[in-house]
Amino acid sequence: MGGDFGPHCIVPASVACLVEFPSLHLVLVGQAPLIEELLAGIPGVDRSRLRVEHAPQIVEMGERPSQALRGKPESSMRLALETVRDGRAHACVSAGNTGALMALSRHVLKTLPGIDRPAMIAAIPNRKGVCLLLDLGANVDCTAEQLCQFAIMGALAAEVQGASAPRVGLLNVGSEETKGNQQVKQAAALLEGVDGLNYVGFVEGDGLYGGEADVLVCDGFVGNALLKSSEGLVTMIVARLEALFRGSLLGRIAGLLALPLLRRLRGELAPARHNGASFLGLQGIVVKSHGSAGPDGIKSAIRRAMTDVQENLPARLGGRIEHLIRNM
């Protein structure tokens, strides 16, 4: 029921995913009458792989997390998380209020041993492939110890995805040891002492796109601003290129020649393709979609959750996190 478009976007995107992935089963949690009305308008829905669970309450996008946690025991967000806790679903995907999802996830699913707070992580495309960036907005203020925990979780997630000795960096305003705030400096000192972690030091913002690290760590305030700035920049560059190609006869001719490459670039960098940030550090799988995501973005978030399930992410992280954190 969350996000800018709610079930009017999420329901058709979910049905499209069922068509694309024959092994997928979905539970749509929210106001059942509205969801059923939307489903009735889509022909050929495979109801054997889709069920609707009614939730009488909704967490509003601007609602305080404490209100969602204490005042709405039957919200769609909470009941969806409980399906994961109770083993009736393998993962939860939400486009709703990030702070509320964070608070409810910690309360319902609990964190892995040794982890104070979960972190949102997503793959950001760069010159060498991708970089895993965390935190993306779940934790606006972080201690040095939490940044160190994020780094360890990010490195283990990169290994699960196939990276060997992933390079871990701390996002900072400079690469020199004297740069940065106290939390970043203290986190650097902690990370230098973690055995088995390939910590490469401070990385500036351009290093994210230059491929200087496989995992880049920051607090959620910085990470969310960086993520949304990046998405806005991609949209602006593509729009400017299209405008240049339309601006003159020569430009239109060049545009016809460049159109296949431009479409490929747009596809590779499109925010919708990379939508879906995993909450690392929980005893269950939760994926946060952008609130502004359209159907393609929602489908991407569902695919992200499916991948986390296939990789058995919480169990594989939990088996190693506590040992590394104990040695901090």
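Report follows, based on the coordinates. (Residues numbered from 1 in each chain as written. Predicted model: local features only at pLDDT ≥ 70, side-chain atom pairs only at ≥ 80, totals over all residues. Heavy atoms only, no water.)

A full pass over the atoms with the stated rule returns zero disulfides. Here Cys17 is not cross-linked by a disulfide; its sulfur's nearest cysteine counterpart is in Cys9, at 11 Å. On the basis of relative accessible area, Cys17 is assigned to the buried category, the value being 0%. Looking at Cys131, it has no disulfide partner, and the nearest cysteine sulfur is the one in Cys218, 9.6 Å off. (Disulfide = S-S within 2.5 Å. Buried < 20%, exposed > 50% of the residue type's maximum accessible area, 1.4 Å probe, protein only.)

Now for the environment of Ser94. Relative to the helices and strands, Ser94 is located in strand 3 (residues 91-94). Sequence spacing of Ser94 and Leu282 is 188 residues, and the spatial spacing of their C-alpha atoms is 15 Å. Aside from chain neighbours lying at most four places away, what touches Ser94 is Met77, Leu101, Val287, Lys288 and Ser289. Within the structure, the side chain of Ser94 is placed 3.0 Å from the backbone nitrogen of Gly96, a separation counted as a polar contact. (Helix = DSSP H or I, 4+ residues; strand = E, 2+ residues; numbered from the N terminus. Contact = heavy atoms within 4.5 Å. Polar contact = N/O pair within 3.5 Å; in protein donor to acceptor, adjacent residues only side chain to side chain.)

At a minimum axis separation of 8 Å, helix 6 (residues 144-160) and helix 7 (residues 182-192) run at an interaxial angle of 50 degrees. Judged on the interaxial angle alone, helix 7 and helix 6 are oblique. Viewed along their axes, helix 6 and helix 7 form a crossing whose handedness is right-handed. Contact residues: helix 6 offers Ala144, Glu145, Leu147, Cys148 and Ala151, while helix 7 offers Gln183, Gln186, Ala187, Leu190 and Leu191. (Axes fitted to C-alpha atoms, helices over the stretch in contact; angles between N-to-C directions. Parallel < 35°, antiparallel > 145°, perpendicular 65-115°, else oblique. Left-handed = near helix turned anticlockwise from the far one by under 90°.)

Our next topic: the packing of helix 4 (residues 76-85) against helix 5 (residues 98-109). At a closest axis distance of 10 Å, the pairing of helix 4 and helix 5 adopts a crossing angle of 35 degrees. Viewed along their axes, helix 4 and helix 5 form a crossing whose handedness is right-handed. When helix 4 is examined against helix 5, the residues Met77, Arg78, Leu81, Glu82, Val84 and Arg85 are found in contact with a partner set consisting of Ala100, Leu101, Leu104, Ser105, His107, Val108 and Leu109. Taken together, the residues of the contact of helix 4 with helix 5 sort by class into eight nonpolar, two polar and three charged. (Nonpolar A, V, L, I, M, F, W, Y, C, P; charged D, E, K, R; others polar.)

Let us look at the pairing of strand 9 (residues 277-280). Burial along strand 9 is two-sided: the face carrying Ala277 and Phe279 and the face carrying Ser278 and Leu280 are both buried. For strand 4 (residues 119-126) and strand 9, the ladder comprises three bridges, and the chain directions are antiparallel. By the bridge assignment for strand 9, Ile121 is matched with Ser278. Turn length for the strand 9-strand 10 (residues 285-288) hairpin, with the two strands adjacent in sequence and antiparallel, is four residues, and the turn residue Gly281 shows positive phi of about 105 degrees. (Pairing = 2+ DSSP bridges.)

With that settled, consider the pattern of salt bridges. Enumeration over the complete set of coordinates arrives at 12 salt bridges. Salt-bridge contacts for Arg47 lead to Glu36; the nearest nitrogen and oxygen are separated by 3.0 Å. With Arg47 in the loop between helix 2 (32-40) and strand 2 (50-54) and Glu36 in helix 2, this residue pair connects regions lying 11 residues apart in the sequence. Its relative accessible area of 40% is what places Arg47 among the partly exposed residues. A relative accessible area of 32% places Glu36 in the partly exposed class. A single salt-bridge network, built from bridges that share partners, covers Glu20, Lys299 and Arg303. (Salt bridge = Lys/Arg side-chain N within 4 Å of Asp/Glu carboxyl O.)

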